[in-house]
Structures are given as structure tokens and as C-alpha cells.
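Here is how the chains run, residue by residue.
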Amino acid sequence: MEVRYRRVVRPPTPDKTAAPVRLSAIHVREITPPAGAQRLEWYRLTTAHVRSAAEAEQIVRYYHLRGRVEDLFRVLQTGGQGSSGGGRPSDRWHPAITRLLVTAGRLMRRTLLGRGRADRPAEVRFTETERERLRV
């Protein structure tokens, strides 16, 4: 992959009293794509002041991890559908939220272990108790 970066200035909005916004543009391009595959290429704008190739690569890693965070919230949303307790949040919710986060994190980890390896048996990814509960 080739990673390039540059400081850019976005002009103000139609409201001329607004100041221009200083951003860093990052361009990532695959140098040698696999045979028959289309070259990967994307651009990102960030408010982080990127001063070196190492900092640009760190921003690229952050964007990669963003997908994992979105996966975690997707698991939390689907797993927490029936868990609203009504009323206002209180200390009694903390154990339930903690269990939900731990469960979501473990389920996400197991899912990631199975990606790209559909031939692996469920026993490799899930404990016996987890398999029993998932059958419900």
C-alpha cells in the first residue's frame, strides 16, 4: 500500500463569517493488486494534524478499527432489544450493562475468529454452553 497525506483547507460555508477548516487528507492506494482484482484506493479527511507518514498510517489503522467498534455496537443493539428496564438509569443497571458488554465482546471475538474460515467446526469458536444457548 502507498499512503500519502497533505494538509488542506476547506473553505468556509456560505456563512462568510465562519473560518476556514484546516484538515489533513490521506490517500491510500494499493500498489500491486492481486491478479484479476481491482486496485483498492480511498481518501479520508481528518481533523488530526498529520505530520508524517507514520502518523498517516496510524490514522489508517484507526479507520480499520472503526469497523470493529461498529460491529460491537451492532451486537449490543441486537442483543439488547428486550433489556430496557424502564425508569431512569441507576446503579442496578450496571451489572446488566456489564454482562451485555462482556457477552457482546465475546460474541464479536468468536465471530471474527470464524471469518474467512467457514470450514472450522463450531467447537473451535464456541464453548459447549455457548453452543447450547445459541441453539435456542
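It should be emphasised that the depicted structure is a prediction, and the values quoted were computed from it without experimental measurement.

Draft legend 1. Geometry of the nonpolar core. Ile26, Val28, Val50, Ala56 and Ile59 form the largest nonpolar core, which has 5 residues in total. Looking at this core, the elements with two or more residues in it are strand E2 (21-29) and helix H1 (53-79). For Ile26, the residues in contact, after removing those within four places along its chain, are Val3, Arg4, Tyr5, Trp42, Tyr43, Arg44, Thr46, Val50, Ala56, Ile59 and Val60.

Draft legend 2. Geometry of the side chain of Glu30. Structurally, the position occupied by Glu30 is in the loop between E2 and strand E3 (41-46). Setting aside residues no more than four positions away along its own chain, Glu30 makes contact with Met1, Gln38, Arg39 and Leu40.

Draft legend 3. Expanded view of the packing of aromatic side chains. For the structure on display, the rule yields 1 aromatic pair. Just above the ring of Trp42 sits the side chain of Arg44; from NZ or CZ to the centre is 4.4 Å. Sitting over the face of the ring of Tyr63, Arg44 holds its NZ or CZ atom 5.3 Å from the ring centroid.

Draft legend 4. Spatial organisation of the pattern of salt bridges. In this structure the tally under the stated criterion is 3 salt bridges. Between Arg29 and Glu2 there is a salt bridge, and its shortest N-O distance comes to 3.2 Å. Linking Arg29 in strand E2 with Glu2 in strand E1 (residues 2-10), this pair joins segments that are 27 residues apart in sequence. Among the residues examined, Arg29 registers a relative accessible area of 26% and is labelled partly exposed.

Draft legend 5. Examining the pairing of E2 more closely. As defined by bridge partners, E1 adjoins E2 across 9 bridges and the pair is classed as antiparallel. The residue bridging Val9 from the neighbouring strand is Arg22, located in E2. Sheet topology note: the E2/E3 ladder contains 6 bridges and is antiparallel. For Ala25, the partnering residue across the bridge sits in E3 and is Leu45.

Draft legend 6. Structural context of the environment of Gln38. Inspection of the secondary structure puts Gln38 in the loop between E2 and E3. We classify Gln38 as exposed; its relative accessible area is 72%. Filtering out sequence-adjacent residues up to four positions away, Gln38 remains in contact with Glu30 and Pro33.

What counts as what
Residues numbered from 1 in each chain as written. Predicted model: local features only at pLDDT ≥ 70, side-chain atom pairs only at ≥ 80, totals over all residues. Heavy atoms only, no water. Core = buried A, V, L, I, M, F, W, Y, C linked by side-chain atoms within 4.5 Å. Buried < 20%, exposed > 50% of the residue type's maximum accessible area, 1.4 Å probe, protein only. Helix = DSSP H or I, 4+ residues; strand = E, 2+ residues; numbered from the N terminus. Contact = heavy atoms within 4.5 Å. Phe/Tyr/Trp six-rings, centres within 6.5 Å; stacked < 30°, edge-to-face > 60°. Lys NZ or Arg CZ within 6 Å of the ring centre and 35° of its normal. Salt bridge = Lys/Arg side-chain N within 4 Å of Asp/Glu carboxyl O. Pairing = 2+ DSSP bridges.

Keep in mind that these numbers describe shape and distance, not what the molecule does.
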